[in-house]
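Chain by chain, the residues run as shown.
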Amino acid sequence: MLLFACTGPEKLLSDNTKDRIYFGKSGGFTNISTEYVLVENYVFKQEGEKFTLIRKLSGDKVKSINNQVNAIDLSKLSLNEPGNMTYHIRLVKSGSVSEVKWSDTFENSQVRELYKVLTGTIKE
């Protein structure tokens, strides 16, 4: 952890060989956007160009999340249904980007469960 503190999140996040999962929401009355990113086993909150470390996850937790992501296969899921409150998950992996956006009326339980697990990492 000390080594990580010296290098900073920018170095970790700028490494294009690292898979990243961005997730968050935007819209609502204030139209405020909130975005987080999971890279390796670190969860960061993104505010503009600034990244703040939220927590370090266990290897088992990261493996579980990756299994859920692989089961859904976001690259084959065509979903772009923004609404008043829009939720999103964006996977950056091996140079490709897959993103899904949905609103409160969306019914895909796998995507909703993945989002719930991801947002749970910021509350633990």
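Remember, predicted model here, so these are calculated numbers, not experimental data. (Residues numbered from 1 in each chain as written. Predicted model: local features only at pLDDT ≥ 70, side-chain atom pairs only at ≥ 80, totals over all residues. Heavy atoms only, no water.)

Let's shift gears to the packing of aromatic side chains. Summed over the entire model, instances satisfying the criterion amount to five aromatic pairs. Between F23 and Y36, the ring centres sit 5.6 Å apart and the planes meet at 25 degrees, which makes this aromatic pair stacked. One end of the pair, F23, is in strand β1 (residues 20–27); the other, Y36, is in strand β2 (residues 34–39), and 13 residues separate them in sequence. Here F23 and Y36 have matching classes, each one buried. Here W102 and Y115 contribute two aromatic rings whose centre-to-centre distance is 5.5 Å and whose plane-to-plane angle is 90 degrees, an arrangement assigned as edge-to-face. You can see W102 sitting in strand β6 (residues 96–102) and its partner Y115 sitting in helix α3 (residues 109–120), a full 13 residues away along the chain. Per residue, the accessibility class of W102 equals that of Y115, and both read buried. Among the aromatic residues, ring-to-ring pairing joins Y87, W102 and Y115 into one connected group. Above the plane of the ring of Y22 lies R90, whose end atom (NZ or CZ) is 4.4 Å from the centre. (Phe/Tyr/Trp six-rings, centres within 6.5 Å; stacked < 30°, edge-to-face > 60°. Helix = DSSP H or I, 4+ residues; strand = E, 2+ residues; numbered from the N terminus. Buried < 20%, exposed > 50% of the residue type's maximum accessible area, 1.4 Å probe, protein only. Lys NZ or Arg CZ within 6 Å of the ring centre and 35° of its normal.)

Taking 1.5 Å as the rise per residue, α3 with twelve residues should run 16 Å; its terminal C-alpha atoms sit 16 Å apart, in good agreement. Buried-residue contacts for α3 involve β1, β2, α2 (59–72), β5 (85–93) and β6. (Expected span 1.5 Å × (residues − 1). Contact = heavy atoms within 4.5 Å.)

Taking 1.5 Å of rise per residue, the 14 residues of α2 would be expected to cover 20 Å, and the 20 Å separating its terminal C-alpha atoms lies within 8% of that figure. V62, I65, Q68, V69 and I72 are the residues of α2 that are buried. Projected onto a plane normal to the axis of α2, the buried residues spread over an arc of 120 degrees and lie on a single side. Looking at α2, the residues exposed on the side facing more than 90 degrees away from the buried face are G59, D60, K63 and A71. Here the buried face of α2 lies against β1, β2, β5 and α3. (Arc of directions from axis to C-beta.)

Moving on to unusual backbone geometry. A positive phi angle, close to 55 degrees, is found at E40, a residue other than glycine. Note on placement: E40 falls in the loop between β2 and β3 (42–47). E40 sits in the partly exposed class, given a relative accessible area of 37%. Located in the positive-phi region is D73, a residue other than glycine, with phi close to 55 degrees. Note on placement: D73 falls in the loop between α2 and β5. Note on D73: relative accessible area 27%, which makes it partly exposed.

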